[in-house]
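What the coordinates show
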Amino acid sequence: MLKNKNIILGVCGSIAAYKAALLLRLLIKAEANVQVIMTRDAVNFITPLTLSTLSKRPVLTDYFDTKTGEWNNHVELGLWADLILVAPASANSLAKFASGICDNLLSAVYLSARCPVYFAPAMDLDMWAHPATQTNIERLKSYGNHLIQPGSGELASGLIGEGRLAEPYEILEAILNTQSNQQQFKGKKVLVTAGPTHEAIDPVRFIGNHSSGKMGIAIARVFHTLGADVTLISGPTSEHAPEGVNLIKITSAQELLNACLDNFPHADITIMSAAVADYRPKVVAEEKIKKNTDSMTIELEKTTDILKTLGSKKKEKQILVGFALETHNEIENAKDKLEKKNLDFIVLNSLQDEGAGFAGNQNKITIINRAGEHFQFKLKSKLEVAQDIAQHTLTLL
Ligand code: CTP
């Protein structure tokens, strides 16, 4: 699986750096092209000569090669890589990656790369357990990077606990596992809707909602990473759509309906996470409404329930997933929507759960399927929630 793949092996300053030699041997045996980049501290733990001999390439440590006077172009290196593996990843380097500090070649390459990134931390147990490190780990995971969990045992300090670099064969196994899992949706067309809709009142005003679009965009990103051919229909949001998905931008519920009707017949899986307006102004004023009166009334009319429309057109093999945002009688209301809209499962957000819903980078969901089973998940990053939704979808394929 790694044959002819371009891999950057980042080695940071940690006593576990000696294991990088064994890891490098495994990668070379798997016929990967490996470029080692070491941080300045790493060279105190293992010599660049060892790693350059094993990788058959000069090891890079700095932006500038003082011997040749040449510049090591971090952007080119980042784009060259099919995969970046940082092992051992020190607390310091993880903090740099998490906050985008690029004061060395490795962190600049990390920031320039578009490929999957794996990091295998190694540090003392208190450094590992510190909230600063754990926050950085969560942040890196929310970027879609993969954590290879450190092991537990006797550490170089003599203390016993978590923080030991995973064994080289475990690191390779973790990469191979995710790489093979990563194509679970290959050949599948996935339609995802995201964000709010804006319903015009006049040329300058609209009725909208607080949806950030983050949940739908995370879902599109995860399905794309898992090999699906993804179309994302997105309402107005400041979030960026993931690279590689087919993006259709809409503003109103009517435009969303049209785009869904165009794309739904070809979709194997449709996930409707957009927060669609239920009502829109019956008449849209052609000119800006002046404040000539002390009060005003806007008459609203119902929009089409897009999900219900798609549910009525659903073919046997198509999978249709909806969201339900509820404040009370959550399970009952969600089950009701599942039935009425002919869904395969529904993702429930309860506003009674702290952290769930529109705002922020986290969400807390319950999945309810047609058999009436409930799957409750804890508060997680939206990217992890999207992974749970993808995994649940997989059980239906
Ligand atoms: N939805 C839709 N078209 C609408 C309204 C909602 O497709 N006009 C979809 C949403 O994208 C979501 C699901 O229906 O996947 C449930 O949305 P929600 O707002 O929770 O429920 P509603 O059906 O609008 O019902 P209510 O607002 O009365 O709870």
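See the structure above.
Overview of the structure. Here the structure is a predicted model, which is why all the values come from computation and not from measurement. (Residues numbered from 1 in each chain as written. Predicted model: local features only at pLDDT ≥ 70, side-chain atom pairs only at ≥ 80, totals over all residues. Heavy atoms only, no water.)

Quick look at the packing of helix 9 (residues 214-225) against helix 13 (residues 382-396)
Packed helices, taken two at a time, are described by the angle between their axes plus the distance between the axes. Axis separation between helix 9 and helix 13 bottoms out at 8 Å; the angle between their running directions is 55°. On the basis of their axis angle, the class for helix 9 and helix 13 is oblique. Crossing of helix 9 against helix 13: the hand is right-handed. In this structure, helix 9 uses Lys214, Met215, Ala218, Ile219, Arg221, Val222 and Phe223 to contact helix 13, whose residues at the interface are Lys382, Leu383, Val385, Ala386, Gln387, Ile389, Ala390 and Thr393. When its residues are assigned to classes, the contact of helix 9 with helix 13 shows 10 nonpolar, two polar and three charged. (Axes fitted to C-alpha atoms, helices over the stretch in contact; angles between N-to-C directions. Helix = DSSP H or I, 4+ residues; strand = E, 2+ residues; numbered from the N terminus. Parallel < 35°, antiparallel > 145°, perpendicular 65-115°, else oblique. Left-handed = near helix turned anticlockwise from the far one by under 90°. Contact = heavy atoms within 4.5 Å. Nonpolar A, V, L, I, M, F, W, Y, C, P; charged D, E, K, R; others polar.)

Regarding the environment of Met38
Tracing the backbone through its elements, the reader meets Met38 in strand 2 (residues 33-38). In this structure the C-alpha to C-alpha distance between Met38 and Lys341, which are 303 residues apart in sequence, comes to 55 Å. Those residues in contact with Met38 that lie beyond four places of it in its chain are Val11, Val43, Ile46, Pro48, Leu51, Val59, Leu60 and Thr61.

Let's talk about the site of the ligand
Near the ligand lie 16 residues; those nearest to it are Met272, Ala274, Leu307, Phe323 and Lys341. The separation between an oxygen atom of the ligand and a polar main-chain atom of Leu307 is 2.8 Å. A distance of 2.9 Å separates an oxygen atom of the ligand from a polar backbone atom of Phe323. Starting from 570 Å² of accessible surface for the ligand in isolation, the protein chains cover 75%. (Near = heavy atom within 4 Å. Polar contact = N/O pair within 3.5 Å; in protein donor to acceptor, adjacent residues only side chain to side chain. Areas by Shrake-Rupley, 256 points an atom, 1.4 Å probe, with all protein chains shown as cover.)

Things to note about the sheet that holds strand 4 (residues 117-121)
Read across the sheet, five strands follow the order 2-1-3-4-5 without closing on themselves; strand pairing throughout is parallel. Edge positions in the sheet fall to strand 2 and strand 5 (146-147), since each of these pairs with one other strand and no more. Of the strand pairs in this sheet, strand 3 (residues 83-89) and strand 4 are connected by four bridges, and their pairing is parallel. Bridge pairing in strand 4 links Leu85 to Tyr118. The strands touched by helix 1 (residues 19-29) are strand 1 (6-11), strand 2 and strand 3; relative to strand 1, the strand with the most contacts, the crossing angle is about 175°. (Pairing = 2+ DSSP bridges.)

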